[in-house]
Every structure is written in C-alpha cells, then in structure tokens.
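The lines below spell out each chain.
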Amino acid sequence: MALVPGTLSPTRKVPAHIARPEYVGKPAPAPYTGPEVQSAETIEKMRIAGRIAARAMEEAAKLIEPGVTTDQLDVVAHEYMCDHGAYPSDLGYRGFPKSICTSINEVICHGIPDSTVLQDGDIVNIDATAFIHGVHGDLNATYLCGNVDEESKLLVERTREALNRAIKAVKPGRQVNIIGRVIESYAKRFDYGVVRDFTGHGINTSFHSGLIIPHYDSERATQTIKPGMTFTIEPMLTLGSYDYDVWEDGWTVVTKDRKRTAQFEHTLVVTADGAEILTLP
C-alpha cells in the first residue's frame, strides 16, 4: 500500500547554547566559496561531527519495529545530537521541519518524520547530519522493520555493497565519475534503477558545498579527486525505474512506480591512497 503523509508534531527546540548553522531562519544557505580540499583541523572537527551523527542514527535505529512512528525516531536522534552539543543540520535547512529524514519503502529520500507508523515488513532509511565546531557530518542507512521479504532484503544488502565498492574506488588522481561508474555497473547486475537527480555532495563548513558526486557514470563529473577533499557518497537504488514524484510537502521524493528503494551514505575524506570514512560511530 502506498504511503501517505502523516501529521507533523511541533518543531523541536535546540538549546540556546548550541551553535546554529548560518542558514537557520533563512530561506536558503549562503553559497559556499571556500576550497574543496580541507585543512587537517577541519577534517578532525568533521570526524567529531560525523561520529555524533552516526551515534544519533544508531540510537534512533534501535527503536525500529512495527508500531513505532517515524516521529519517535526523530525525537531520539534530535535529543542525542543536542545532548552532545551538536545541532541537527536538517532542522531549518531550507525550511525542513525535522531533525532527521526518515524514508520508508518507496521514499527515495527526504521523508519527513511524522505520525506514520512503521509496519511489519517495511524498510526505513534514517539520514542524520550533525553540525558542531562549525562543520557538518552526514550519513544514512536503510534498516529492516520486522519480517522483510527477500527481494527487499537483497536490495538493502546490495545498496550497502554499492556504497562500499564506491568508497574503495576513491583514489587521488581519478575523476569523480569513477564513483558513479562503479555504483551503476554493480546495480545493473541486478536490474536496479540508479537515482540520478539526487547525488552525493561536497561537505565541510557547508552542508552542501556545490561539489556534485553522481551515482551513475556521468561524463560531466570530470573533477580530479584530490587528497583532503571531503564529500558524501550516498547511492539510491530502486527495484524499478529511477523516475520519481515529489509530494506536496516539497521534500518527500517517491519512486514514480512506487517500487521500493534503498540508500546508504557516508562522509569521506580523500587520503593519500584512498578514502577515510568520517561518519563512523
């Protein structure tokens, strides 16, 4: 049965002493004009932000079972980030009303936590980003709720594997399009769709720096990967087409054929010989 929007709870408060990203209270963030290669100091701060985001996501995921609402997941992640001095980056980003994204079944990305109740057999993605010490750490993962069918389980496992393969492909001197080439070639083995219009992105002091990381083989993604670059890889694979619709809320992206989709994401820094994951718990 296709999902429908639930009811939103009131906006959650963030303690006054926690620093806000510059975009909070504004219609859009200021354009990022800094470098894609980050200093050692910035990267160390991003490790802290990434760790908090990863732990917040894990804490929220512990609640996943039939009968739990996505709003309850938001409460846990929100409180974890605030308790650790971090601002939930999603909250107030271009007006987004909640602290994480929760995307169920056919929702590709940007699902808004609300009164929707998780059902036995659902798959649910949690996307969490933390802002602390002036930088962001961003990750997501797709989880199983109750007794999930084999086709959906395989989709989730293979989407995780697609991310892992893409991370291993990151090497200084290669072009960014190696990332999408690896993901797309793996996904094609199973006739999965690879979402094209929602991508990985540069991240640092800016939530989205302007650097685009496609998850398909794009001839335009010719930037050279350099040590110290920080960005996300977050493939979205579908059981059917990658075409999509957007709900009236302006955020929730669903597959046009309403077939299931899964996603995994990490924030990375490019090292001298590969990539280090910055979003580990």
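Residues numbered from 1 in each chain as written. Predicted model: local features only at pLDDT ≥ 70, side-chain atom pairs only at ≥ 80, totals over all residues. Heavy atoms only, no water.

Peer 1: Before we go on, may I ask you to explain the packing of helix 3 (residues 150-169) against helix 4 (residues 177-188) in this structure?
Peer 2: Relative orientation and spacing of two packed helices are given, respectively, by the angle between their axes and the distance between those axes. Between helix 3 and helix 4, the shortest axis-to-axis distance is 9 Å and the interhelical angle comes to 145°. Regarding helix 3 and helix 4, the two cross each other, and that crossing is right-handed. The segment helix 3 lies against helix 4, with R158, E161, A162, R165, A166 and A169 engaging I178, I179, V182, I183 and Y186. Across the contact of helix 3 with helix 4, the residue classes tally to 8 nonpolar, no polar and 3 charged. (Axes fitted to C-alpha atoms, helices over the stretch in contact; angles between N-to-C directions. Helix = DSSP H or I, 4+ residues; strand = E, 2+ residues; numbered from the N terminus. Left-handed = near helix turned anticlockwise from the far one by under 90°. Contact = heavy atoms within 4.5 Å. Nonpolar A, V, L, I, M, F, W, Y, C, P; charged D, E, K, R; others polar.)

Peer 1: Please clarify how helix 1 (residues 40-61) should be interpreted in this entry.
Peer 2: At 3.6 residues per turn, the α-helix brings residues three or four places apart onto the same side. The terminal C-alpha atoms of helix 1, which comprises 22 residues, lie 31 Å apart, in line with the 32 Å expected from a rise of 1.5 Å per residue. Taken residue by residue, helix 1 has T42, I43, M46, A49, G50, I52, A53, A54, A56, M57, A60 and A61 as its buried positions. Tucked inside the fold, the buried residues of helix 1 contact helix 2 (70-83), strand 4 (123-132), strand 5 (135-144), strand 9 (230-233) and strand 14 (266-270). (Expected span 1.5 Å × (residues − 1). Buried < 20%, exposed > 50% of the residue type's maximum accessible area, 1.4 Å probe, protein only.)

Peer 1: How should the pattern of salt bridges be read in this particular structure?
Peer 2: One side chain can pair with another of opposite charge once the charged atoms of both are near each other. Applying the stated criterion to the full structure yields 14 salt bridges. Note that K26 is salt-bridged to E22, the shortest N-O span being 3.5 Å. Salt-bridge contacts for K256 lead to D245; the nearest nitrogen and oxygen are separated by 2.7 Å. Taken together, the positions of K256 in the loop between strand 12 (253-255) and strand 13 (261-263) and D245 in strand 11 (residues 244-246) put the pair 11 residues apart, joining distant regions of the chain. It is possible to trace a salt-bridge network through shared partners that takes in R12, D71, D74 and K98. (Salt bridge = Lys/Arg side-chain N within 4 Å of Asp/Glu carboxyl O.)

Peer 1: Looking at this structure, how should I read the packing of helix 1 against helix 2?
Peer 2: Closest axis-to-axis distance for the helix 1/helix 2 pair is 8 Å, and the angle between their directions is 145°. Along this stretch, helix 1 crosses helix 2, giving a crossing that reads as right-handed. Contacts from I52, R55, A56, E59 and A60 in helix 1 reach L73, V76, A77, Y80 and M81 in helix 2. Tallied by class, the residues present in the contact of helix 1 with helix 2 amount to 8 nonpolar, no polar and 2 charged.

Peer 1: Any chance you could explain the sheet that holds strand 13 here in plain terms?
Peer 2: Hydrogen bonds along the backbone pair up the strands of a sheet, which may run parallel or antiparallel. Read from one edge of the open sheet, 3 strands run 6-10-13, paired in antiparallel fashion. Of all the strands in the sheet, the pair left with one neighbour each is strand 6 (193-194) and strand 13. (Pairing = 2+ DSSP bridges.)

Peer 1: How should I be thinking about the UniProt feature "binding site: a divalent metal cation 2" (unreviewed entry) in the protein chain in this particular structure?
Peer 2: As annotated by UniProt and renumbered to match this structure, "binding site: a divalent metal cation 2" (unreviewed entry) occupies D138, H201, E234 and E265. For the annotated residues, spread through 128 residues, the largest C-alpha to C-alpha distance comes to 10.8 Å, consistent with a single compact locus. Along the polypeptide, H201 turns up in strand 7 (residues 200-201). For H201, a relative accessible area of 7% puts it in the buried group. (UniProt positions renumbered as here; feature names shortened; annotations may be inferred.)

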